[in-house]
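Notes for the structure review
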Protein chains: 2
Amino acid sequence: MKRVTIKDIARIAGVSYATISRALSGSSEVSEQTRKRILEICKQEGYRTNALARSLTCSKTNVIGLVVPDITNPFYAELALEIETFARQMHYNVMLCNSIHYENNIGELMDFLISHQVDGIILGSSRNEARACLHEYHKTIPSVLLGASISDEDEYCVNAVSVDNRAGGRMAAEYLLELGHRDITYLGFRPSSITHQLRYHGFLRAMEQRGLTLNVIENPENSSSLQAGYQLGKQLFAQGLTCTAIFAATDSLALGVIQAADEFNIRIPEDVSLLGFDNISYAALPKITLSTIDQRKSALAESAVRLLVSLIEQPSNDGYAHHMIRPALIERHSCAALQLTKPTP
Amino acid sequence: MKRVTIKDIARIAGVSYATISRALSGSSEVSEQTRKRILEICKQEGYRTNALARSLTCSKTNVIGLVVPDITNPFYAELALEIETFARQMHYNVMLCNSIHYENNIGELMDFLISHQVDGIILGSSRNEARACLHEYHKTIPSVLLGASISDEDEYCVNAVSVDNRAGGRMAAEYLLELGHRDITYLGFRPSSITHQLRYHGFLRAMEQRGLTLNVIENPENSSSLQAGYQLGKQLFAQGLTCTAIFAATDSLALGVIQAADEFNIRIPEDVSLLGFDNISYAALPKITLSTIDQRKSALAESAVRLLVSLIEQPSNDGYAHHMIRPALIERHSCAALQLTKPTP
DNA sequence: CTGTTAGCGCCTTCAA
DNA sequence: TTGAAGGCGCTAACAG
């Protein structure tokens, strides 16, 4: 299993290390014939340049660290793939980590990545702590927060890219309103998350502008899972159907609501409309066909990678950037116009 | 952004590099007081050991490469998380790569990982080419093939762990038979994959033992996607319902079948039973509730990691291991006993 | 218990 | 166009 090194090649070719190095790196200071000869020998001997050693001398690895809560979450899986794709285009590799086992000290994970000399870090998270954590590392390593919104007031010093949650919330409300709904439940609001706060405010604002009130069911958990949605859904349906539409703060919650509705024999959208947020891949499945607000993961990913790479390649940037991506409405079959729900006789 | 190195610490502490190194690595050859002092200084200065440099001198990185076709595929996402978990327990980190952009030359990806000095590689794939590819690298780096079965005949020289596909196929058939089904369609057989071959043979065998014949719909694509399942499903239903149960060779295909069934107003399981294979997370969703054969990803992951680590830590192993994991039946609500389907008057 | 000294594999001046 | 030498940050003998 001994690896062949640049030295071995040099010995075989009868030249010095430096020449090999030059030949490999495409330097023009090598005669074409020796280069060809060297390349030939490399092939034959199965030479592979040692990325570690190279990175050590160059003090640049060309890898960016990506941390996501849980790759099993389809939203982050899709995001991760997009990020890898864009990064590769820009000649960076990505080192992926799940933060699920580090919930309370993402710093440890950051340290791990830093000690592996990643050139920069993209931290995917919607939790508020992530923002604070990244803030601490801001001067240590180029980094961008992905997915979590930054509040406008407290100017936390982090670079971030996220969907425009306020606009997304408004968009959701307006869609439901246009369908004629007036009695709407906002399900799964998680007050501790800025992301959720903005989403909620956008939604609420649109309601208030028409003089409508909103029934809110908060999510006491600190994650928006299918299970949480199921519990909240049961809680809602147990008291009888008092609304004609439900906005679930995330698609995962919506999935849980669907499950709860099934148990109560409530049909979607005939009995109640359901709108989600995220556009995870599950939402498009047959029988689910959830209408939702798309976070446009591809745009998020591209923006995050571009921002990070610019941070890496042109340091000295003292400011902080916050890129906002416009969300988009995806209409499937979980929302109906109100007339359909309660036909006029 | 200049990082503080072991040298800086040494200078500050007024000792030599070696002492720092020893203090950090928990060597017993350092007095407790100097160690404490050193650790203190490291904290204050924000020292982080450079994993690259360490790996270079130790010629061991403690990272294992994991390549999966596409992390967006929930089966592989779950597998990847399990692998990371087990690896961490054994003090290894994992470097994840999607092979989706390298379909035709996984070798390039292998070379990438090797040049990054991973200690070993787990290659997740059900494609036959993967087997051949890994075979070439067998003597270059410890590696194990995950998910793809090895045929018993052609003793390809690779270490592998996979579910026992033949047993899984048999299990699927027997379940359907016990429910009283006799007219069964095997949907999505992909002859080019050994994995599929074994699964199919197990299934067929069980049928033949009862003197029954099997309606087979092959999948001409080289991947078992929802889209493929949808096409095959339409093809099946277009000719009228001639079977009482369908076995879909993978859950993804089954999802497509569900979609097709919806269009034809065919109810599952009332009109036809549907059984999948894999137990991807989608299968458990409300309204889907797909009965399926579980690949027991956790067991697969653990077995693969253990095998690889043993290969890494005790080389000189000349043989080839093939671990088989017993699949398990997961009953949900997509299969019904035949009586329910066609009640006796 | 602590310091000195080689490297690990590669890149990059500086000479030739 | 090519060679020699130093150094990236760290570990592991080998001495003291």
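So, how was this worked out
Residues numbered from 1 in each chain as written. Chains lettered and ligands numbered in written order. Predicted model: local features only at pLDDT ≥ 70, side-chain atom pairs only at ≥ 80, totals over all residues. Heavy atoms only, no water. Pairing = 2+ DSSP bridges. Helix = DSSP H or I, 4+ residues; strand = E, 2+ residues; numbered from the N terminus. Right-handed = clockwise from strand over helix to strand, strands pointing away. Patch = residues over 30% accessible without salt bridge, like charges linked within 9 Å, V, L, I, M, F, W, Y side chains within 5 Å. Areas by Shrake-Rupley, 256 points an atom, 1.4 Å probe, with all protein chains shown as cover. Salt bridge = Lys/Arg side-chain N within 4 Å of Asp/Glu carboxyl O. Lys, Arg positive; Asp, Glu negative; His and termini not counted. Charge placed at Lys NZ, Arg CZ, Asp CG, Glu CD. Near = heavy atom within 4 Å. Polar contact = N/O pair within 3.5 Å; in protein donor to acceptor, adjacent residues only side chain to side chain. Nonpolar A, V, L, I, M, F, W, Y, C, P; charged D, E, K, R; others polar. 1 Å grid on protein atoms, 1.4 Å probe; cavity = no way out; pocket = protein on both sides within 12 Å on 5 of 7 lines; lining within 4 Å. Points joined across faces, edges and corners; volume = space filled by probe spheres on them. Buried < 20%, exposed > 50% of the residue type's maximum accessible area, 1.4 Å probe, protein only. Arc of directions from axis to C-beta. Contact = heavy atoms within 4.5 Å. Axes fitted to C-alpha atoms, helices over the stretch in contact; angles between N-to-C directions. Buried area = accessible area lost by both parts, 1.4 Å probe. Core = buried A, V, L, I, M, F, W, Y, C linked by side-chain atoms within 4.5 Å.

1. Concerning the pairing of strand E7 (residues 215–218) of chain B
Residue and element names in this part refer to chain B. The sheet contact formed by strand E6 (residues 184–189) and E7 spans four bridges and is parallel. Across the sheet, residue Thr 185 finds its bridge partner in E7, namely Asn 215. Crossover handedness for the path E6 to helix H9 (residues 194–209) to E7: right-handed.

2. Quick word on a positive patch on the surface
Side chains of A:Arg170, A:Arg205, A:Arg296 and A:Arg326 sit close together on the surface and give a patch of like positive charge. Within the secondary structure, A:Arg205 is located in helix H9 (residues 194–209).

3. Here we look at the protein's contact with DNA strand C
Taken together, 27 residues form the shell around DNA strand C, and within it A:Ile6, A:Tyr47, A:Arg54, B:Thr19 and B:Arg22 come nearest. The sugar and phosphate moieties of DNA strand C supply 64% of its atoms located within 4 Å of the protein. The backbone of B:Ser16 places a nitrogen or oxygen atom 3.0 Å from a phosphate oxygen of DNA strand C. Elements represented by at least two residues in the surface near DNA strand C include exactly helix H1 (6–13), helix H2 (17–24) and helix H4 (51–58) of chain A together with helix H2 (17–24) and helix H4 (51–58) of chain B. When residues in the surface near DNA strand C are grouped by element, the largest group, four residues, is from H4(A).

4. Side note on the protein's contact with DNA strand D
Lining the immediate surroundings of DNA strand D are 25 residues, of which A:Thr19, B:Ile6, B:Tyr47, B:Arg54 and B:Thr57 lie closest. A share of 65% is what sugar and phosphate atoms reach among the atoms of DNA strand D within 4 Å of the protein. A:Thr34 has a polar side-chain atom sitting 3.2 Å from a phosphate oxygen of DNA strand D. At 2.4 Å from a phosphate oxygen of DNA strand D is found a side-chain nitrogen or oxygen belonging to B:Arg54. When contributions to the surface near DNA strand D are tallied by element, the ones reaching two or more residues are H2 and H4 of chain A together with helix H1 (6–13), H2 and H4 of chain B. The element that contributes the greatest number of residues to the surface near DNA strand D is H4(B), accounting for four residues. Partitioned by chemical class, the residues of the surface near DNA strand D number nine nonpolar, ten polar and six charged.

5. Some details on empty space enclosed by the protein
For the structure shown, the criterion picks out six cavities of 30 Å³ or more. By volume, the largest cavity amounts to about 200 Å³. Lining of the largest cavity is provided by 16 residues; of these, A:Leu52, A:His116, B:Leu52, B:Met95 and B:His116 occupy positions nearest its centre. Elements that contribute at least two residues to the lining of the largest cavity include exactly H4 of chain A together with H4 of chain B. In the lining of the largest cavity, the residues fall into ten nonpolar, six polar and no charged.

6. With respect to the pattern of salt bridges
A full pass over the atoms with the stated rule returns 18 salt bridges over all chains. A salt bridge links A:Lys287 to B:Asp262; the nearest nitrogen and oxygen atoms lie 3.4 Å apart. Here B:Asp262 lies in helix H11 (residues 251–263) and A:Lys287 lies in the loop between strand E9 (273–278) and strand E10 (291–294), a pairing that spans two chains. Taking the shortest distance from any N to any O, the salt bridge between B:Arg267 and B:Asp271 comes out at 2.8 Å. Taking relative accessible area as the criterion, B:Asp271 reaches 23% and is therefore assigned partly exposed.

7. Let's talk about H2(A)
Residue and element names in this part refer to chain A. Listing the buried residues of H2 in full gives Thr 19, Ile 20 and Ala 23. Along the axis of H2, the buried residues cluster in a sector spanning 100 degrees; they form a single face. Looking at the buried positions of H2, the neighbouring elements they touch are H1 and helix H3 (32–45). Immediately downstream of H2, the backbone of Gly 26 shows phi near 70 degrees, a positive value.

8. Points about the sheet that holds strand E2 (residues 93–98) of chain B
Residue and element names in this part refer to chain B. Reading across from one edge, E2-E1-E3-E4-E5-E11 is the order of the six strands in this open sheet, with parallel pairing throughout. Every interior strand has two partners, whereas the edge strands, E2 and strand E11 (322–325), have only one. Neighbour-to-neighbour, the strand axes of this sheet turn through a mean angle of 15 degrees, independent of strand direction. In this fold helix H5 (residues 74–89) packs onto strand E1 (63–68), E2, strand E3 (120–124) and strand E4 (143–146), with an angle of close to 160 degrees to the strand it touches most, E2.

9. A closer look at the interface of chain A and chain B
Tallying the contact residues gives 50 residues for chain A and 50 residues for chain B. Of the roughly 4900 Å² buried at the junction of chain A and chain B (both faces included), carbon and sulfur atoms supply 62%. Considering only the side of chain A, the residues that lose the most area to chain B are A:Arg48, A:Leu52 and A:Lys287, jointly responsible for 15% of the buried surface there. For the pair chain A and chain B, the interface holds four salt bridges. Summed over the shared surface of chain A and chain B, the result is 15 residue pairs in polar contact (both at pLDDT 80 or more). Mapped onto the side of chain A that touches chain B, the elements with two or more residues apiece are H4, helix H5 (74–89), strand E2 (93–98), helix H6 (106–115) and helix H11 (251–263) of chain A. Of the residues forming the side of chain A that touches chain B, the biggest block, six residues, is contributed by H5(A). Among the residues making up the side of chain A that touches chain B, the classes are represented as 24 nonpolar, 16 polar and ten charged.

10. Observations regarding the nonpolar core
Ranked by internal contacts, the top residues of the largest apolar core, which has 167 residues, are A:Phe203 and B:Phe203. It is helix H12 (residues 297–313) of chain A that contributes the most residues to this core, ten residues altogether. Residues contacting B:Phe203, with those up to four places away along its chain left out, are B:Gly169, B:Arg170, B:Ala172, B:Ala173, B:Leu176, B:Ile184, B:Tyr186, B:Leu214 and B:Phe247.

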